[in-house]
Amino acid sequence: MTSYFIRRFLLIVPTFIGVTILVFTLTRLVPGGPIERMMSEARLAGDETAASSYDSQGGSTLSDAQLEDLKAYYGFDKPVVVSYFEWLGKVLVLDLGRSTRYSDPVWDTITDRLPVSIFYGIWTLILTYGVCIPLGMYKAIRHKTAFDNVTSAVIFAGYAIPSYVVALLLLTIFAANLEWFPLGGFVGPDFDELSLIGKAGDLFIHAVLPLIAYTAGSFAFSTILMKNSLMDNLAAEYVRTAVAKGMDFKRAIFGHAFRNSLIPLATGFGNNISLILTGSFLIEKIFNIDGFGLLGFESLVERDYPVVMGILVLSSLLFLIGNILSDICVALVDPRVKFGSGETSQ
Amino acid sequence: MSILEIDELSVAFDTEGEIVTVVDRVSFDLEAGETLGVVGESGCGKSVTALSIMGLLPKPAGRIQGGDIRFKGESLPSLAPERMRDIRGNRIAMIFQEPMTALNPVQRIGRQLAETYLLHQPDLDADLIHRRCLGLLDQVGIPAPEQRLTEYPHQLSGGMRQRVMIAMALASKPDILIADEPTTALDVTIQAQILELLRDLQRETGMAIIFITHDLGVIAELCSRAVVMYAGRMAEQAPIRPLFAGPLHPYTRGLLASIPRLEDEPKTVLTTIPGVVPGIDELPSGCRFANRCPHVKDLCNREAPELVVGEPGHRVACHRWREIDA
């Protein structure tokens, strides 16, 4: 089993190279880029100062020499493969380059947003599992009762309504009209002056609405998975065996059916790790939160390729590690799973 | 003395709003230490009868509609759930058809075995439980018991798993063991071994066994008496010898005639009972075997036959058993 996981970890390398080389090449192929953006900015500036006097160089405000310099600066003068490996070499020493938009190091731009995204990511994860597992269990035991039907209706409604609509509704009702919660932001403007408890309270009151918007759609999948999986296991013969031994039903659920019904959930657990960093740019936009989703979206629109690549590095690594984590989780809950070794007994 | 009396037991299932009686007024007694066979084809109600004794009918669909089950004089269906849990797995134990799925796949054998002790004798210390588990595995003929205790069910063969199930059932030295087709899922050699094991264990422990099967051969080999069921009702009940030598019910006769015999000419066409068992939603009001019976008369279609004593210890539910005899 250990050798299996070592192999899986080694496989991260080619996969990572594949993913990044693909996106890197794409950034070269799509129209637009930092140079074009700079040119249009320069043109706008030029238009403002000298609206009538056009340049001699066919409308461009930059000379050919300046353009060549810029291309060399961004590495566009070399073939894709060469500049990809230059980029990769820098990544290996944790240098992700500089943002073409802010001229700040990409690493700093990303780490600035990291606490915000991790905060929301971890809470989303805790809330999702913390609610879905008990709710799914209760629904399985109370199958086809009023409680089951009503909660199903609620979580499916949450699943069906797009999260940004939920976000807008929450914002309109609870922040704008009722004024129970602030209109947005990660923390309030006077955060630094607050006491420790005040800070926690401030963080909490800012997080309530975005967290609801984040999680509303994610309850349905895990809850129903948990419910169905537990129902399957409750009907399983080994639960009947346990009851036939004289165990009461409740103990049979927790002692026998519960762990078995976590197996399908464990398969998805690792992948959720990468959710920590993705975030939804729409929700971040609506609640004015400076997180990863917004950063990724803006850097794409602005053709800020070093930032795009930097986010890709992080998210693809997390995704690949998440997959392995899923395997480990499954192996932990299910002793029948033996990765790699050809030993199966059925 | 009878330790278990089943008295006019009727069990109904609620299927999509319709109530279907799947076991209809079944009565039989079980003597201490005897092996009683319950035989019949799939869906005749033999497993449902067993589950009713254990109080394990699927809820909320199944329920006992009428009659009584008395264990040492105590009515089981009316017992408080806590008291029933004391009996279940302790005084009356059960083993099932599918050893592949009857054990929890994610728990070690040792833990599942020890559970019976933890449930019924909570004051035993861990060391003693461990020694007893080893003893149980040894008793059911599992080699290297120390190692098996730490293994998971998927590491054991089907026959081994059924032995573990039997060990689990034996843990609290029950008065009655209900074996619901325990050998059906196993291949023939393993079947023979498990039957042998059950017979030896019974001799050692003196427990009574209710052996449910559709295999008349197994009944002949293991049981002292047998109940023949058809479509939810009892057709016949008799000690083994008279049952096989002189069956009274046309269904039992049909079953026995269907068994191929070694002395038959090769390539003889197998005898079968024509027709199929009526579905539970289309049960006739008269005798349930009427549509397949070679001796059917008007009366059979009109009226359900009562179970009557034909010969001493031999009961039969047929209007015409006296006429068709011999």
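None of these values were measured; they are calculated from a predicted model.

A.B. asks: How would you summarise the overall build of chain B if you had to cite specific residues and measurements?
C.D. replies: A count of helices and strands for chain B gives 13 helices and 12 strands. A compact globule built from 326 residues would reach a C-alpha radius of gyration of about 20 Å, and chain B, at 21 Å, matches this within 12%. If one aligns the C-alpha atoms of chain B with their principal axes, the spans along those axes are about 65 × 50 × 40 Å. Residue pairs in contact within chain B that sit at least 24 positions apart in sequence constitute 65% of those at least 6 positions apart. Per element, the accessible surface of chain B, about 14,700 Å² overall, is 52% carbon and sulfur. Each charge class in chain B was averaged separately, 33 positive and 44 negative side chains, and the resulting centres sit 1 Å apart.

A.B. asks: Quick one: what's the story with the overall build of chain A, residue by residue and with numbers?
C.D. replies: Assigned secondary structure in chain A consists of 15 helices and 0 strands. Principal-axis analysis of the C-alpha atoms gives chain A an extent of 95 × 60 × 40 Å. The proportion of buried residues among the 346 residues of chain A is 42%. In chain A, the share of contacts with a sequence separation of at least 24, taken over all contacts with a separation of at least 6, comes to 74%. A total accessible area of about 18,500 Å² is found for chain A, and carbon and sulfur atoms account for 67% of it. Separation between the mean location of the 25 positive side-chain charges and that of the 31 negative ones in chain A comes to 16 Å.

A.B. asks: I'd like to hear about helix α4 (residues 80–92) of chain A, residue by residue, with values.
C.D. replies: Residues and elements named next belong to chain A. If you check α4, its first and last C-alpha atoms are 18 Å apart, about what 13 residues at 1.5 Å a residue would give, namely 18 Å. Along α4, the positions that sit buried rather than exposed are Ser 83, Tyr 84, Trp 87, Leu 88 and Val 91. Seen end-on, α4 carries its buried residues on one side only, within an arc spanning 145°. Next to the buried residues of α4 lie α1 (2–29) and α15 (305–333). Of the residues flanking the end of α4, it is Leu 94, one or two places downstream, whose phi is positive at about 65°.

A.B. asks: Describe the interface of chain A and chain B, listing the residues and the values that go with them.
C.D. replies: Listed as interface residues are 22 residues of chain A and, on the opposing side, 27 residues of chain B. For the chain A and chain B pair, buried surface summed over both sides reaches about 2,300 Å², with 57% attributable to carbon and sulfur atoms. Where chain A touches chain B, the interface holds 1 salt bridge. For A:Lys245, the salt bridge goes to B:Glu115, with nearest N and O atoms at 2.7 Å. At the junction of chain A with chain B, the criterion picks out 11 residue pairs in polar contact (both at pLDDT 80 or more). Looking at the side of chain A that touches chain B, the elements that each hand over two or more residues are α10 (237–244) and α11 (249–261) of chain A. Ranked by residues supplied to the side of chain A that touches chain B, first place goes to α10(A) with 6 residues.

A.B. asks: So what's going on with the sheet that holds strand β4 (residues 62–71) of chain B? Which residues, and what values?
C.D. replies: Residues and elements named next belong to chain B. Here we have 4 strands laid out as an open sheet, ordered β2-β1-β4-β5, and antiparallel in their pairing. The sheet is open, and its two borders are formed by β2 (18–31) and β5 (74–75), each paired with just one other strand. Bridging between strand β1 (residues 2–15) and β2 involves 10 bridges; their strand directions are antiparallel. Note on β2: the bridge partner recorded for Leu 4 is Leu 30. Sitting on the sheet, helix α1 (residues 46–54) touches β1, β2 and β4, and the angle it makes with β1 is about 110°.

A.B. asks: Hey, could you go over the environment of B:Gly62 for me, with residue numbers and the actual values?
C.D. replies: Its location among the elements puts B:Gly62 in strand β4. In this structure, B:Gly62 is in contact with B:Ala12, B:Phe13 and B:Leu57, ignoring residues within four places of it in sequence.

A.B. asks: Before we move on, can you summarise the packing of helix α14 (residues 292–301) of chain A against α15(A) with the specific residues and values?
C.D. replies: Residues and elements named next belong to chain A. Interaxial distance between α14 and α15 falls to 9 Å at its minimum, and their mutual angle equals 140°. Classified by the interaxial angle, the pair formed by α14 and α15 is oblique. The crossing of α14 and α15 is left-handed. Within the contact between the two elements, α14 uses Phe 292, Leu 295, Gly 296, Ser 299 and Leu 300 and α15 uses Val 307, Val 308, Ile 311 and Leu 314. Taken together, the residues that form the contact of α14 with α15 break down as 7 nonpolar, 2 polar and no charged.

A.B. asks: Tell me about the packing of aromatic side chains, and name the residues and values.
C.D. replies: Residue and element names in this part refer to chain A. Within this structure, the stated rule accounts for 13 aromatic pairs over all chains. Aromatic side chains Tyr 138 and Phe 147 sit 4.9 Å apart centroid to centroid with 90° between the ring planes, which places their arrangement in the edge-to-face category. When its relative accessible area of 33% is taken as the criterion, Phe 147 is described as partly exposed. Judged by centre distance (5.6 Å) and plane angle (35°), the rings of Phe 174 and Trp 180 are tilted. Since its relative accessible area comes to 53%, Trp 180 is described here as exposed.

A.B. asks: Account for the pairing of strand β9 (residues 225–230) of chain B, with residues named and values stated.
C.D. replies: Residue and element names in this part refer to chain B. Counted residue by residue, β9 has 6 buried out of 6 residues, so it is predominantly covered. Side chains Arg 225, Val 227 and Met 229 project from β9 onto one buried face, and the interleaved Ala 226, Val 228 and Tyr 230 project onto a second face that is buried too. Across 4 bridges, strand β3 (residues 35–39) lies against β9 in parallel orientation. From the neighbouring strand, Val 38 faces β9, where its bridge partner is Val 227.

Conventions and cut-offs
Residues numbered from 1 in each chain as written. Chains lettered and ligands numbered in written order. Predicted model: local features only at pLDDT ≥ 70, side-chain atom pairs only at ≥ 80, totals over all residues. Heavy atoms only, no water. Helix = DSSP H or I, 4+ residues; strand = E, 2+ residues; numbered from the N terminus. Rg over C-alpha atoms; globule rule 2.2 N^0.38 Å. Contact = heavy atoms within 4.5 Å. Areas by Shrake-Rupley, 256 points an atom, 1.4 Å probe, with all protein chains shown as cover. Lys, Arg positive; Asp, Glu negative; His and termini not counted. Charge placed at Lys NZ, Arg CZ, Asp CG, Glu CD. Buried < 20%, exposed > 50% of the residue type's maximum accessible area, 1.4 Å probe, protein only. Expected span 1.5 Å × (residues − 1). Arc of directions from axis to C-beta. Buried area = accessible area lost by both parts, 1.4 Å probe. Salt bridge = Lys/Arg side-chain N within 4 Å of Asp/Glu carboxyl O. Polar contact = N/O pair within 3.5 Å; in protein donor to acceptor, adjacent residues only side chain to side chain. Pairing = 2+ DSSP bridges. Axes fitted to C-alpha atoms, helices over the stretch in contact; angles between N-to-C directions. Parallel < 35°, antiparallel > 145°, perpendicular 65-115°, else oblique. Left-handed = near helix turned anticlockwise from the far one by under 90°. Nonpolar A, V, L, I, M, F, W, Y, C, P; charged D, E, K, R; others polar. Phe/Tyr/Trp six-rings, centres within 6.5 Å; stacked < 30°, edge-to-face > 60°.

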